[in-house]
Amino acid sequence: GIQVEQSPPDLILQEGANSTLRCNFSDSVNNLQWFHQNPWGQLINLFYIPSGTKQNGRLSATTVATERYSLLYISSSQTTDSGVYFCAVITGKLIFGQGTTLQVKP
Amino acid sequence: DVKVTQSSRYLVKRTGEKVFLECVQDMDHENMFWYRQDPGLGLRLIYFSYDVKMKEKGDIPEGYSVSREKKERFSLILESASTNQTSMYLCASSRLGSTDTQYFGPGTRLTVL
């Protein structure tokens, strides 16, 4: 089956810093989502991005489907950005990566 | 905005009890899903449904069953709860079409003693 790998597994930032999270997948996929899981466990949709680039405020995402990776950019990070970031590829069902745990320190 | 709600945020049950986890979505979505999330194992699909009264097994269906009597409601049933079913349970829904965005509920943290 398709493998989804995220890097780095853990990331600690100072408030205001920028970061890039990466998601690699092992085969062609129909679509890809990025989620943020907050400290209470809720999975919040960030992007639905089969290809190209999307931006939403301080967050943006780029998927290069032909090269089988996606990137999530967080600019000017805030403490509320802390949590776990998941990418998931969609092939009839969601296949999740293991996540990147982000801690933003004040 | 899509809203997916789950009946409980926290639940504590005893081994052997029958447990019902309820999920309701308000966007007339055809597809509904149940996942569990465990440290080190990530999110795994238990069951899903593409239509009323229809169900399909996911990756880890053993020990679980589901019910979908109405389009908006998808129930996960633990027939006889066991301690290894202690987990975070997440429900999701999406429109018809296998590649559409999935929207998640807030989750239920189930502890089986």
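Definitions and cut-offs
Residues numbered from 1 in each chain as written. Chains lettered and ligands numbered in written order. Predicted model: local features only at pLDDT ≥ 70, side-chain atom pairs only at ≥ 80, totals over all residues. Heavy atoms only, no water. Contact = heavy atoms within 4.5 Å. Buried area = accessible area lost by both parts, 1.4 Å probe. Polar contact = N/O pair within 3.5 Å; in protein donor to acceptor, adjacent residues only side chain to side chain. Helix = DSSP H or I, 4+ residues; strand = E, 2+ residues; numbered from the N terminus. Nonpolar A, V, L, I, M, F, W, Y, C, P; charged D, E, K, R; others polar. Buried < 20%, exposed > 50% of the residue type's maximum accessible area, 1.4 Å probe, protein only. Lys, Arg positive; Asp, Glu negative; His and termini not counted. Salt bridge = Lys/Arg side-chain N within 4 Å of Asp/Glu carboxyl O. Pairing = 2+ DSSP bridges. Axes fitted to C-alpha atoms, helices over the stretch in contact; angles between N-to-C directions. Disulfide = S-S within 2.5 Å.

Interface size is commonly expressed as the accessible area that is lost once the parts come together. Of the residues lining the interface, 18 residues belong to chain A; the matching set on chain B comes to 21 residues. Summing the contributions of chain A and of chain B, the shared interface buries around 1,600 Å²; its carbon and sulfur component is 49%. Connecting chain A to chain B are six residue pairs in polar contact (both at pLDDT 80 or more). Only strand S4 (31–37), strand S5 (43–48), strand S9 (83–90) and strand S10 (94–96) of chain A provide two or more residues apiece to the side of chain A that touches chain B. Considering each element in turn, the side of chain A that touches chain B owes the most residues, four residues, to S4(A). A breakdown of the residues in the side of chain A that touches chain B according to their chemical character gives eight nonpolar, nine polar and one charged.

Residue and element names in this part refer to chain B. Assignment of secondary structure puts arginine 68 in strand S7 (residues 65–70). Of the side chains with opposite charge, aspartate 51 lies nearest to the buried arginine 68, which makes no salt bridge, at 5.9 Å. Reaching out from arginine 68, the side chain makes a polar contact with the backbone oxygen of histidine 29 at a distance of 3.2 Å.

What follows deals with the pattern of salt bridges. A side chain of one charge can pair with a side chain of the opposite charge if their charged atoms are brought near each other. Residues and elements named next belong to chain B. Applying the stated rule across the entire model yields eight salt bridges over all chains. Its salt-bridge partner being lysine 53, residue glutamate 69 comes within 2.5 Å of it at the nearest N-O pair. Pair noted here: glutamate 69 is in strand S7 and lysine 53 is in the loop between strand S5 (42–49) and strand S6 (56–57), with a separation of 16 residues, a long-range link. Comparing glutamate 69 with lysine 53, the two get one shared label, exposed. Several salt bridges share partner residues, and in doing so they unite Asp28, Glu30 and Lys71 into one network.

Turning next to the sheet that holds strand S3 (residues 19–25) of chain A. Residues and elements named next belong to chain A. Taken in spatial order, the five strands make up an open sheet running S1-S3-S8-S7-S6, and their pairing is antiparallel. Single-partner strands in this sheet number two, and they are strand S1 (4–7) and strand S6 (52–56). Averaged over all neighbouring strand pairs, the angle between strand axes comes to 15°, with direction disregarded. Bridge count between S1 and S3: four bridges; the pairing is antiparallel. By the bridge assignment, glutamine 6 is partnered in S3 with cysteine 23.

Here we take up the sheet that holds strand S8 (residues 73–78) of chain B. All names here are of chain B. Spatial strand order, S1-S3-S8-S7: four strands in an open sheet with antiparallel pairing. The open sheet has two free edges, formed respectively by strand S1 (4–6) and S7, since each of these has just one partner strand. Averaged over all pairs of adjacent strands, the angle between strand axes in this sheet comes to 20°, irrespective of strand direction. In the sheet, S7 pairs with S8 via four bridges, with the strands oriented antiparallel. If you follow serine 65 over to S8, its bridge partner there is isoleucine 77.

With that settled, consider the state of the cysteines. Tallied over the full model, the rule gives two disulfides over all chains. Disulfide pairing places A:Cys23 opposite A:Cys87 at an S-S distance of 2.0 Å. The S-S bond linking A:Cys23 to A:Cys87 shows a torsion near 75°; that makes this disulfide right-handed. With A:Cys23 in strand S3 and A:Cys87 in strand S9, this residue pair connects regions lying 64 residues apart in the sequence. A:Cys23 gets classed as buried once you look at its relative accessible area, which sits at 0%. The disulfide bridge from B:Cys23 ends at B:Cys91, spanning 1.8 Å between sulfur atoms. Taking the sign of the S-S torsion, about -75° here, the bridge from B:Cys23 to B:Cys91 comes out left-handed. Here B:Cys23, found in strand S3 (residues 19–25), pairs with B:Cys91, found in strand S9 (residues 87–94); they are 68 residues apart in sequence, far enough to count as distant. Taking the relative accessible area as the measure of exposure, B:Cys23 reaches 0% and is therefore buried.

Note that all results are geometric; they support no functional claim without further evidence.
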